[in-house]
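# Observations on chain architecture
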Amino acid sequence: MSLHIALLRGVNAAGGRLITADELTSLLTDLGHTEVRMGPKVGDLVFESGERTGAELQTQIETELMARLGLRTDVYVRTAEAWRALVAANPFPDFAAADPGWLMTLFCKDTPDKKAMGALRAAIRGTEQARAESRQIYAIYPDGVGGSKLTTSLVEKTLGTRITGRTWTAVLALADMLEPV
């Protein structure tokens, strides 16, 4: 069995059907996953699974969310090892220590292409910075996220892929859930 984290995009966002923590944990348990726990917010799950790849787990969970709960959303799965590696790879450790709520980790299904990342950095018009490491983009928002032009839609349009983001605080909380109790 391998330990995984699944991030669901836009769960309980405005205008959508509200999904409960119990519904999500039950769904993963029904699919045969074990030790299913909810992360710091609904839509962040930690669970153990057999020998399926992250891509297979993403597809399985997305399909079952639609079939059972009528929820069409993207799912981003990382192994515990990959999660620990993404924490260690943070290119903005000083910023993360000083203001973790304004460091976002943007999760991609695939590794962002270098040319597209260059285009994204060129499109930034404020004080934000973005760096890609593996299948994540680390973005700092020194002036806050609310008024930033570095939006999800800009990132998705420039990179040609869908993303979901978590604050560094949430990333670390999920990392803590990977450690034995």
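The text that follows walks through the structure, step by step, so that each part is easy to find. Computed from a predicted structure; not experimentally measured.

Turning to helix α7 (residues 168-176), its buried residues are W168, A170, V171, L174 and A175. The arc that holds every buried residue of α7, seen down its axis, measures 160°, which confines them to one face.

This part is about the packing of helix α5 (residues 114-123) against helix α6 (residues 152-159). At their nearest, the axes of α5 and α6 sit 9 Å apart, and the two run at 145° to each other. Crossing handedness for the pair α5 and α6: right-handed. Contacts between α5 and α6 involve A116, M117, A119, L120 and A123 on the former and, on the latter, L154, V155, T158 and L159. The residue makeup of the contact of α5 with α6, split by class, is eight nonpolar, one polar and no charged.

This paragraph deals with the sheet that holds strand β7 (residues 136-140). One key point about sheets: their strands pair by backbone hydrogen bonds, in either a parallel or an antiparallel sense. Reading across the sheet, the four strands line up as β6-β7-β5-β8 and stay open at both edges, with antiparallel pairing between neighbours. In this open sheet, the two edge strands, each paired with only one partner strand, are β6 (129-133) and β8 (163-167). Neighbour-to-neighbour, the strand axes of the sheet open up by a mean angle of 25°, direction not taken into account. By the bridge criterion, five bridges tie strand β5 (residues 103-108) to β8 in an arrangement that is antiparallel. Across the sheet, the residue bridging to F107 is T164, located in β8.

Of note in the backbone geometry, E35 takes a positive phi value of approximately 50° without being a glycine. Within the fold, E35 resides in strand β2 (residues 34-38). Among the residues examined, E35 registers a relative accessible area of 54% and is labelled exposed. Even without being glycine, S134 reaches a positive phi, approximately 60°. Here S134 lies in the loop between β6 and β7.

Before going further, it helps to examine the nonpolar core. In terms of nonpolar packing, the biggest core is built from 21 residues, with W83 and L103 touching the most fellow members. Mapped onto this core, the elements with two or more residues apiece are β1 (2-8), α3 (80-88), α4 (93-98), β5, β7 and α7. In this structure, W83 is in contact with I5, L7, R78, F107, V171, L174, A175 and L178, ignoring residues within four places of it in sequence. Core analysis: the second largest hydrophobic core is formed by 19 residues, L28, L31, L71 and V77 among them.

Conventions used here
Residues numbered from 1 in each chain as written. Predicted model: local features only at pLDDT ≥ 70, side-chain atom pairs only at ≥ 80, totals over all residues. Heavy atoms only, no water. Buried < 20%, exposed > 50% of the residue type's maximum accessible area, 1.4 Å probe, protein only. Helix = DSSP H or I, 4+ residues; strand = E, 2+ residues; numbered from the N terminus. Arc of directions from axis to C-beta. Axes fitted to C-alpha atoms, helices over the stretch in contact; angles between N-to-C directions. Left-handed = near helix turned anticlockwise from the far one by under 90°. Contact = heavy atoms within 4.5 Å. Nonpolar A, V, L, I, M, F, W, Y, C, P; charged D, E, K, R; others polar. Pairing = 2+ DSSP bridges. Core = buried A, V, L, I, M, F, W, Y, C linked by side-chain atoms within 4.5 Å.

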